[in-house]
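Residues per chain, in single letters:
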Amino acid sequence: MKRREFFKASVAIGVSALTFNKLSAALSSNEIAVEATPDMVAVMGGAPAEMLQRALKEMGGIGKYVKKGQSVVIKPNIGWDKKPDFAANTNPDLVNELVKQCLRAGAKKVTVFDHTCDNWQKCYANSGIKAAVEAAGGNIVPANDESYYKTTTLPQGVKLKSTKIHQALLDADVWFNVPVLKHHGGANMSIAMKNYMGIVWDRPYFHNNDLQQCIADICTWQKKPVLNIVDAYRCMRKNGPQGRSVSDTSLLKAVIISPNIVAVDTAAVGLFNQVEKMDINVVEHIANGEKLKLGTQKLDTLKVKRIKL
Amino acid sequence: MKNYLKATRVALALVIFFPLIVYFCDFTHLTPGFLHHWAEIQLVPVVLAGSIGILISLLLLTFLFGRIYCSVICPLGILQDGIARFTQRGRKKQKSKKKRWYHYYKPYNWMRYSLLAICVIFLIFGIFTQSDYSTTLLLYLDPYSNFGRISANIFRPLVIEGNNLINWVALQMNNYHFYQLTIHTVTLASFLIALIALLLVGILALLHGRLFCNSICPVGSFLGLISRISLFRVRIDESKCTKCGVCSLACKSECIDSKENKIDYSRCVCCFNCLDRCKTKALHYDFAFPVTATSASRRTFLATSTAMLASIPLISTLAQDKKTVDYTKLTPITPPGSRNVKRFVEKCTACHLCITHCPMQVLKPAGFNFGFAYAFKPHLAYSTEHFCNYECTICSKICPNDAITEILPEEKKVTQIGIAQFERSRCVVFTNEHSCGACSEHCPVQAVKMEPYKDGLTIPHVYESLCIGCGGCESICPVRPVKAINILANAVHQTAEKPQEEEEKAVTKDLDFGF
């Protein structure tokens, strides 16, 4: 397709999209989903990479989120010096697949980091994520020093009005929030919203000033992730966020993805409740996030697609 | 004549020196682990660690070939040679020799043997009486420990700041291949003690070559006692000697008395610089037996030996008196593997090798806050991001003095170096009535558990028998300035209970989405 034709086609589709939403979908090529993309996709019963592939496909394909030449950040949970079996960190295979997809979609570069709790080099190595990212052609970058972080304001924050966020994320065009589903001693659950704590430098401030509110506040940062991808292949059902042994985990073989961060956390808590009891009301940051209009806990108002492989 | 002996000496010295200084300055932890063996052949560590085999080898080496150790193995000696060489270049160009080259002087026997005697006596009495001061003087005089402190507190920070500069430039170009490192392991006191040592050694090396080694260093004095009777030695062939005195100008130990045609073998460090300087080839390094010590040196030796013996009762009472340090008041937290504070104080000479290799930068040199005997020795200083990694045992692997004995990760995970003390009245859950749980989150053994408090809130509770004192909780506690959870040191390390393992709960087959 020549450039001019492409522009013409694009304009035509754009105009029609304004008026006839469904018609535009029908007019477009096969690569664009025929029906409107769901608000959330949950896939169960496969390997991490396989489930992610399917979920992304259902969400309209990676090309919908990553455009050619963009710089992408992937923010998994790499907080702990633990092997993948502990489910303390995001599954490396999942991260590997996501990096590959982003690069295939034409991303200029894919950067991965987390402000770790244990020694960063040990976390990056033992989580398997460093190897997974590098094998896929992405860059895993350090986040161990304050000099990597720049002050950013959060106008909508209630308790947290400004904080220092990692430079790589500030520079990125798009980013993916890729947490692992975990029990958490402090915040009760650690899922997508809690995963934001790995993009900031000063975490003690959160703990000192109403943790549950600060977690919701940091999620109001204007640059939202294009997708929240919850890794629930193996979940840590108790003694989180570190876990004592593999026996603290359960194999759920699930992935939940959505741009709606409150909804994705709500759904993940529902999934979690099948293996360990957790009242969503004590995971206060989810309700706090809803109050700040970050999303909805009412999953029945959303178009949710559930797939079993 | 090509001076092959000198060339070999320089080559061997570099093989010892460079790996060692690189190992000390390495902040990336990428240098191969076996390099710590370089530190294990240093004499004071050998004595303290009780490595009999290496000790005998070193003594034998000295008995056979003289103080080769001081020229080839001792990193501080090699550092001095480097400093001296730096200025020698300028000297060679200038014509007037007398002013600028070395001169023979008489040994400061009283000084060197007294220092050696005090070190030895404190050490021996320390072993029998378990004095805290057994290595206190040795700490300041041991060449290896001084080299370690100079490297760890002066050279290493320079390397790291250089890296940070490169990293900064790279970051401007969006390059993340380097990483920033903020130094937390150098204190003002440790920097100053290293700087004083560097200045002292450096200035002495500039002016008088190996004066430090021959008048202060207890290792040099000790080996000098053996090298007096070493089998191979530098000799002056009197039939060829013209007494021009060039050799004594070249001798950095300043031990060749060319007027008397005598060499003080207790001070000769076998650098072989003199050999090719002699125009008539009167100097040779060869086998010399039988050995005859000069009567004058024998007399001074006997005198100093008597003095040494006479001072024993005095020093022993000193050592006895200061023995009683009350560790219950302010006890440093010592690394897992050190077993107890007392043993650690006795064995550690503060070379700071463990400090440079601690990936968490939690090991820090102490000031005088834990008493004079503990000064400059490492202790665990918990602060944000700095605590003892659950899986790591690196300090126990590399300690050359055996002050930290090697332990396996399994042992380390149950070695209780201290116990967390929770102060509820300071906790944010109590004061602000908000969730926190940071301490529990960071506890690797689940010794700090969040237990129901009120209104769905949970508050920490410490299970002391599980706690290993790693400081994860203390490091992350957000309460300032005094934290709500702090580690209280165990003066004698204990064994914690193993965290209980549970069976993995099988996932029910009818697992669904649940939402």
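Residues numbered from 1 in each chain as written. Chains lettered and ligands numbered in written order. Predicted model: local features only at pLDDT ≥ 70, side-chain atom pairs only at ≥ 80, totals over all residues. Heavy atoms only, no water.

Asks: Help me understand the overall build of chain A, please; the structure alone is not making it clear to me.
Replies: Looking only at helices and strands, chain A has 12 helices and 12 strands in total. Here chain A holds 309 residues, and the buried ones make up 63% of them. Residue pairs in contact within chain A that sit at least 24 positions apart in sequence constitute 73% of those at least 6 positions apart. In the structure as shown, chain A presents an accessible area of about 12000 Å², 53% of it carried by carbon and sulfur atoms. (Helix = DSSP H or I, 4+ residues; strand = E, 2+ residues; numbered from the N terminus. Buried < 20%, exposed > 50% of the residue type's maximum accessible area, 1.4 Å probe, protein only. Contact = heavy atoms within 4.5 Å. Areas by Shrake-Rupley, 256 points an atom, 1.4 Å probe, with all protein chains shown as cover.)

Asks: What is the right way to look at the interface of chain B and chain A in this model?
Replies: When the parts come together, some accessible area is lost, and that loss is often what is quoted as the size of the interface. Chain B puts 49 residues into the contact, and the matching count from chain A is 66 residues. Counting each side, the surface lost to burial between chain B and chain A is near 4700 Å², with a carbon and sulfur contribution of 50%. When residues of chain B are sorted by the area they lose upon contact with chain A, Tyr176, Phe513 and Phe515 of chain B head the list and together hold 18% of the total. At the boundary of chain B and chain A, one finds one salt bridge. A salt bridge links Asp512 of chain B to Lys308 of chain A, with the shortest nitrogen-to-oxygen separation between them at 3.7 Å. If you look at where chain B meets chain A, you find 18 residue pairs in polar contact (both at pLDDT 80 or more). Looking at the side of chain B that touches chain A, the elements that each hand over two or more residues are helix H10 (143-172), helix H21 (438-442) and strand E8 (448-452) of chain B. In terms of residue count, H21 of chain B provides more of the side of chain B that touches chain A than any other element does, three residues in total. (Buried area = accessible area lost by both parts, 1.4 Å probe. Salt bridge = Lys/Arg side-chain N within 4 Å of Asp/Glu carboxyl O. Polar contact = N/O pair within 3.5 Å; in protein donor to acceptor, adjacent residues only side chain to side chain.)

Asks: I'm lost on the nonpolar core in this one. Help?
Replies: General note: in soluble globular proteins, nonpolar side chains tend to be found buried as a group. Core analysis: the biggest nonpolar cluster contains 104 residues, and Ile74, Leu98, Cys102, Phe176, Leu181, Ile218 and Ile229 of chain A have the highest contact counts within it. The contact partners of Cys102 of chain A, leaving out residues within four places of it in the chain, are Ile62, Val66, Val72, Ile74, Ala107, Val110 and Phe176 of chain A. Formed by 68 residues, the second largest nonpolar core is a distinct cluster that contains Leu43, Cys119, Cys271 and Phe272 of chain B. (Core = buried A, V, L, I, M, F, W, Y, C linked by side-chain atoms within 4.5 Å.)

Asks: Just checking my understanding: could you explain the packing of helix H10 (residues 211-218) of chain A against helix H12 (residues 284-291) of chain A for this structure?
Replies: Packed helix pairs are specified by the crossing angle of their axes together with the interaxial distance, meaning the distance between the axes. Residues and elements named next belong to chain A. In the contact formed by H10 and H12, the axes pass within 8 Å of each other and the chain directions differ by 45°. The angle between the axes of H10 and H12 places the two elements in the oblique class. In this structure, H10 crosses over H12, and the sense of that crossing is right-handed. Each of Gln212, Gln213, Ile215 and Ala216 in H10 lies in contact with H12, whose residues at this interface are Glu284, His285, Asn288 and Gly289. (Axes fitted to C-alpha atoms, helices over the stretch in contact; angles between N-to-C directions. Parallel < 35°, antiparallel > 145°, perpendicular 65-115°, else oblique. Left-handed = near helix turned anticlockwise from the far one by under 90°.)

Asks: What exactly am I supposed to notice about helix H4 (residues 52-65) of chain B here?
Replies: Quick reminder: α-helices carry 3.6 residues per turn. Residues three or four places apart thus point the same way. Taking 1.5 Å as the rise per residue, H4 of chain B with 14 residues should run 20 Å; its terminal C-alpha atoms sit 20 Å apart, in good agreement. Immediately beyond the C-terminal end of H4 of chain B, within one or two residues, lies Gly66 of chain B, with a positive phi of roughly 90°. (Expected span 1.5 Å × (residues − 1).)

Asks: So what exactly am I meant to see when it comes to the packing of helix H8 (residues 109-129) of chain B against helix H13 (residues 218-227) of chain B here?
Replies: Residue and element names in this part refer to chain B. Interhelical geometry of H8 versus H13 gives an angle of 100° and a closest axis separation of 9 Å. What the angle tells us is that H8 and H13 run roughly perpendicular. Of the residues in H13, those touching H8 at Arg112, Tyr113, Leu116 and Cys119 are Pro218, Ser221, Phe222 and Leu225. Among the residues making up the contact of H8 with H13, the classes are represented as six nonpolar, one polar and one charged. (Nonpolar A, V, L, I, M, F, W, Y, C, P; charged D, E, K, R; others polar.)

Asks: Would you mind showing me how to read the domain arrangement of chain B here?
Replies: All names here are of chain B. On domain assignment, one finds that chain B holds domain 1 (4-104 + 142-229 + 286-291) and domain 2 (341-490). Relative to domain 2, the C-alpha centre of domain 1 lies at a distance of 33 Å. The interface of domain 1 with domain 2 comprises 29 residues on the first partner and 23 residues on the second. By the criterion of area lost to domain 2, the three top residues of domain 1 are Leu48, His184 and Thr185, representing 26% of everything that side buries. The interface formed by domain 1 and domain 2 contains zero salt bridges. Connecting domain 1 to domain 2 are 10 residue pairs in polar contact (both at pLDDT 80 or more). Among the elements of the structure, helix H1 (4-25), helix H2 (37-40), helix H3 (43-49), H10 and helix H11 (188-208) are those that each provide at least two residues to the side of domain 1 that touches domain 2. The greatest single-element share of the side of domain 1 that touches domain 2, amounting to seven residues, is contributed by H10. Across the side of domain 1 that touches domain 2, the residue classes tally to 13 nonpolar, 11 polar and five charged. (Domains from an automatic or database assignment.)

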